[in-house]
Amino acid sequence: DAQHCVYMSHHNLDAITVHQARQPFDVPGLDDFEWAQETDTASFFFSVGAGVRGRDLLVRMLPTTLCVRCHGRILLDGPLGGTIAPEESEWELVDGSLHLTLRKAQQCEWRIPIRQTTATTTPGTAPAATGASAPSRPSSSATAPPPQPRRLPALDRSAGGSSVLRDAYRAWDRFDEAGALAAVENEGKSEDSIGVTLRAGGGTAALQCTDYVKDTEEVELDEELGRKRSSLQATLNARLAQAAELKAQGNRLLSDGQPRAALERYLEGEGALCALEHARVLCSAHMVGTTDALLTDLRANAAQAALKLGDWDAAIETATAVLEAVPTHAKALYRRASAHASRDGDGDASRARADLRALLKVQPSNGAASRLLDSLPADSRGGIMV
C-alpha cells in the first residue's frame, strides 16, 4: 500500500541461533571464570585482582588461541573453543575483572570456551599484546624479546631419516580432521547427557538438542553450515531489499496512472521473496515478520493494480492470497469484493456480499464498503454500476 514502511537492510538467520547466559567454566588457577556466548560472539569474565591496571596486562589474541598475562604471570593460555577474528575482538578492565568479547569467525555454537594448557612463566618474557582492545587501554612498557627460530633436529640419514620424514608426511595426509573435531566436541559428554532447548516466538518454534555426542558426519555438517551461513544471510537480505524497492517502484507507477507497469513490479517483488519463503525455517522471527508484511503489501497492491486494469481474475487471486494469511485484511476484502461485483459471474454477487459483511464487522464505519454492499442486487447475479 501507499503507506510508508521501513524494511531493515540486515537480518540474522536463526538456524543455529545461540544464546547462552553467563555460566561458570572450570579453568585451572581461575576460581571465578565465567563465559557466555551469542551466535557471533563469545565473552569471558574473570578476576585479575584489585589494583590491576590496563598496562599491567598483556592480552594476546590469535585466530585460534588466547593468552592473558598479569605482571608476567599466565592467567589464561590455550586453544579457543572456535576460531575468532582478532581485529574485531576486544577486552576491558572493570573493577578488577577482565571482560573479553571475542568475535567468532563463523556464526556457530562453541562447546567449550578454551582448552587450558599447562605452562610455566618466566617474568619479563610475556608476548606482546595483539588483537583489538579497549581504546583507552594503555600498552605495556615491557618489551618482549623477539622469538627465536626453533632449531630442527639433525636428520640422521644413516638411520633412514628421509624415510622417517616421508612417513611423517604420510601420517599427516591420513589425519582425520573430522574425527579430531568430533573428539573435541564430545569431550566430557556421554550418551545419556542430552539436553533440549525450546525457543519460541513470532509464530515460530524450534527444538534444539544440546550436549549430545556427535558423530563425524554431524560435525562436518556443522562446519559446512557455519561456512555457508554468512553467504546465505547476505543472499536473503538482498532479496528482501530488492522486493522492498520493487514495491516502492510499483507504488510510484500506480500513482502516475500506470497500473500495468505497477502490477509487473508487484509480481516481480513477490517472486523475489520466494527464496525467503523456502528458507523460512532458517530465518529469525523478526525476519519472518518483515517478509510476511512485505509480501502482504505486494499482493494487496497487486490486487489494486489489477482492479484498475479491469483484470478481475488477477485481482481476486492476489487478494485471496492476502486473505489466506490475514483473513481480516480490510483492503484485500474490499478489493476482492469489488472484483467479484464487477466480474458479475455465477455466485460473484454473493461472494462480494460475504466479503463486504466481513469487512464491516472489522470496520463498521467503512462508508465505501456500505455503499458497495447497497449497490449489489438481491439475487445471486449482478454487479456494480461502472
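Criteria and cut-off values
- Residues numbered from 1 in each chain as written.
- Predicted model: local features only at pLDDT ≥ 70, side-chain atom pairs only at ≥ 80, totals over all residues.
- Heavy atoms only, no water.
- Buried < 20%, exposed > 50% of the residue type's maximum accessible area, 1.4 Å probe, protein only.
- Helix = DSSP H or I, 4+ residues; strand = E, 2+ residues; numbered from the N terminus.
- Pairing = 2+ DSSP bridges.
- Expected span 1.5 Å × (residues − 1).
- Axes fitted to C-alpha atoms, helices over the stretch in contact; angles between N-to-C directions.

A.B. asks: What am I meant to see in the pairing of strand E7 (residues 90-94) here?
C.D. replies: Each regular strand displays side chains that alternate between the two surfaces of the sheet. Every second residue of E7 is oriented toward a common face, the buried set being Trp-91 and Leu-93 and the non-buried set Glu-90, Glu-92 and Val-94. Alignment of E7 against strand E8 (residues 97-103), held across five bridges, turns out to be antiparallel. If you follow Glu-92 over to E8, its bridge partner there is His-99. The loop that links E7 with its antiparallel partner E8 comprises two residues; one of these, Asp-95, has a positive phi angle of about 50°.

A.B. asks: How should I be thinking about unusual backbone geometry in this particular structure?
C.D. replies: In terms of backbone geometry, most residues other than glycine have negative phi values and most peptide bonds are trans. Residues other than glycine seldom take positive phi values, yet His-71 does so here, at roughly 55°. Classification of His-71 as exposed rests on a relative accessible area of 58%. For Asp-344, which is not glycine, the phi dihedral falls at a positive 55°. When you line up the elements, Asp-344 lands in the loop between helix H8 (330-343) and helix H9 (348-362).

A.B. asks: Sorry if this is basic, but what is going on with helix H4 (residues 259-272) here?
C.D. replies: At 3.6 residues per turn, the α-helix brings residues three or four places apart onto the same side. When the terminal C-alpha atoms of H4 are compared, their 20 Å separation across 14 residues agrees well with the 20 Å that a helix rising 1.5 Å per residue should span. What H4 keeps buried is the set Pro-259, Ala-261, Ala-262, Leu-263, Tyr-266, Gly-269 and Ala-272.

A.B. asks: Explain the sheet that holds strand E6 (residues 73-79) to me, please; I cannot follow it from the model alone.
C.D. replies: Strand pairing in a sheet is mediated by backbone hydrogen bonds. Such pairs are either parallel or antiparallel. An order of E4-E5-E6 is seen for the three strands of this open sheet, with the pairing classed as antiparallel. The open sheet has two edge strands, strand E4 (57-61) and E6, and neither has a second partner. Sheet twist, expressed as the mean angle between neighbouring strand axes with direction ignored, is 5°. For E4 and strand E5 (residues 65-70), the ladder comprises five bridges, and the chain directions are antiparallel. Following the sheet pairing, Met-61 is matched in E5 by Leu-66.

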